[in-house]
Amino acid sequence: MNFIAMDFETANYETHSACSLALVMVKNSQIVGEYYSLIKPETDFFWKNIQIHGIHPEDVADAPKFPRVWEEIQKYYQRDRLIVAHNAGFDTKVLAGCLDYYQLPQPNYLSLCTVQTSRKLFPEMHNHRLNTVCSELDIPLENHHDALEDSRACAKILLYQEDHFGIDPLKKLVKPL
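These figures come from a predicted structure and were not determined experimentally. (Residues numbered from 1 in each chain as written. Predicted model: local features only at pLDDT ≥ 70, side-chain atom pairs only at ≥ 80, totals over all residues. Heavy atoms only, no water.)

**Thoughts on the pairing of strand β3 (residues 30-38)**
For strand β2 (residues 18-27) and β3, the ladder comprises eight bridges, and the chain directions are antiparallel. In the sheet register, V26 faces β3, and the bridge partner there is I31. Counting the residues in the hairpin turn of β2 and β3 gives two residues, including N28, whose phi is positive at 50°. (Pairing = 2+ DSSP bridges. Helix = DSSP H or I, 4+ residues; strand = E, 2+ residues; numbered from the N terminus.)

If you want it as structure tokens, here you go:
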């Protein structure tokens, strides 16, 4: 499989409040690259979000704003490119929210959610949160809510599913955006 696993962390509940982003590139079912950036959002941080991911306003004081990050990563968001996330609805909304906020065009790409694939392939799990799925599949997740760690875990979940179930049940859950 060829895909990119994506994970955002946000400063607050606004969709344009991305404060970190990670991508993990997978080619021929092997992790071949990673991208990580802190992002300086143009909005305040909410204490609960800080509590979840540990990123503080001072951590992003010198970080690039989203448009500069987008310049580096937009090449990955192509019509035939598969972008995967654990709870993809959240991450795709954050991406769309950041693009809208900065009046940048929305890309078309293929999306797959590993929460959905996990629900389909592992219905016996008591929940399908990232940490639960990783624990059940013996996938390392040392620092949950670190965007790069979460992206790696998401990639490894999909690779595990491909290895154990093939690509056919996964293909059925791919959605064009």
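**What about the packing of aromatic side chains?**
Remark: the centre distance and the inter-plane angle together describe each pair of aromatic rings, the angle taken between the planes. Tallied over the entire structure, the rule returns nine aromatic pairs. With centroids separated by 6.1 Å and ring planes inclined at 55°, the aromatic side chains of F122 and Y160 adopt a geometry described as tilted. Taken together, the residues span a long stretch of sequence, with F122 in the loop between α4 (114-121) and α5 (130-137) and Y160 in helix α6 (residues 147-165) at a distance of 38 residues. Ring centres of F122 and F165 lie 5.6 Å apart, and the angle between their planes is 70°; this geometry places the pair in the edge-to-face category. Taken as a pair, F122 in the loop between α4 and α5 and F165 in helix α6 lie far apart in primary sequence, 43 residues in all. The class of F165 is partly exposed, set by a relative accessible area of 35%. Linked through ring pairs, F66, W70, Y77, Y101, Y102 and Y109 together constitute an aromatic cluster. (Phe/Tyr/Trp six-rings, centres within 6.5 Å; stacked < 30°, edge-to-face > 60°. Buried < 20%, exposed > 50% of the residue type's maximum accessible area, 1.4 Å probe, protein only.)

In short, shape yes, function no, at least from these values alone.
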